[in-house]
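# Fold and contact review
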Amino acid sequence: MEPTNDNALPLDIRRKKLQFRAWHRGMKEMDIILGNFADRHLDAFDAPQLDSFEMLLHVPDQAFYSMLVHGADVPAEIDGPMFRRIFEFAKAPLSTP
């Protein structure tokens, strides 16, 4: 089944849904990384950035975590500005703006 996105929804509702999904991944470590990233950045994202973030939410937790933390190879379809932004966020202490 092909993942769907909510790009027809108003941006504020879409942001709230994505924020919820970021905090409820299933793997606590990814909840913390993506949930905090969403809290910090989603309000400023436009529709194409939300599309990119939503696409990354479809990546399985173990694979995503391995790419972010353990340096696993990042497939070309995942590697992009949003992934790199999350990667940099994951490396920074949570207290940094």
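Just above, that's the structure.
Residues numbered from 1 in each chain as written. Predicted model: local features only at pLDDT ≥ 70, side-chain atom pairs only at ≥ 80, totals over all residues. Heavy atoms only, no water.

### Quick notes on the overall build of the protein
- Assigned secondary structure in the protein consists of 5 helices and 0 strands.
- Each helix and strand of the protein, ordered N terminal to C terminal, gives the series α-α-α-α-α.
- By the burial criterion, 34% of the 97 residues in the protein qualify as buried.
- Considering only contacts within the protein whose residues lie at least 6 apart along the sequence, 61% involve residues at least 24 apart.
- In the form shown here, the protein has an accessible surface area of approximately 5,900 Å², with 57% of it arising from carbon and sulfur atoms. (Helix = DSSP H or I, 4+ residues; strand = E, 2+ residues; numbered from the N terminus. Buried < 20%, exposed > 50% of the residue type's maximum accessible area, 1.4 Å probe, protein only. Contact = heavy atoms within 4.5 Å. Areas by Shrake-Rupley, 256 points an atom, 1.4 Å probe, with all protein chains shown as cover.)

### With respect to the pattern of salt bridges
- In the structure shown here, the tally under the stated rule is 6 salt bridges.
- A salt bridge links D51 to R14, with the shortest nitrogen-to-oxygen separation between them at 2.5 Å. Here D51, found in helix α3 (residues 47-57), pairs with R14, found in helix α1 (residues 11-23); they are 37 residues apart in sequence, far enough to count as distant.
- The class of D51 is partly exposed, set by a relative accessible area of 30%.
- One salt bridge in this structure joins E54 and R14, with 3.0 Å as the shortest N-O distance. (Salt bridge = Lys/Arg side-chain N within 4 Å of Asp/Glu carboxyl O.)

### Focus on helix α4 (residues 61-69)
- For α4, the complete set of buried residues consists of D61, F64, Y65, M67 and L68. The arc enclosing the buried residues of α4, seen along the axis, measures out at 160 degrees, which places them on a common side.
- Those residues of α4 that are buried lie in contact with α2 (28-41), α3 and α5 (81-91). (Arc of directions from axis to C-beta.)

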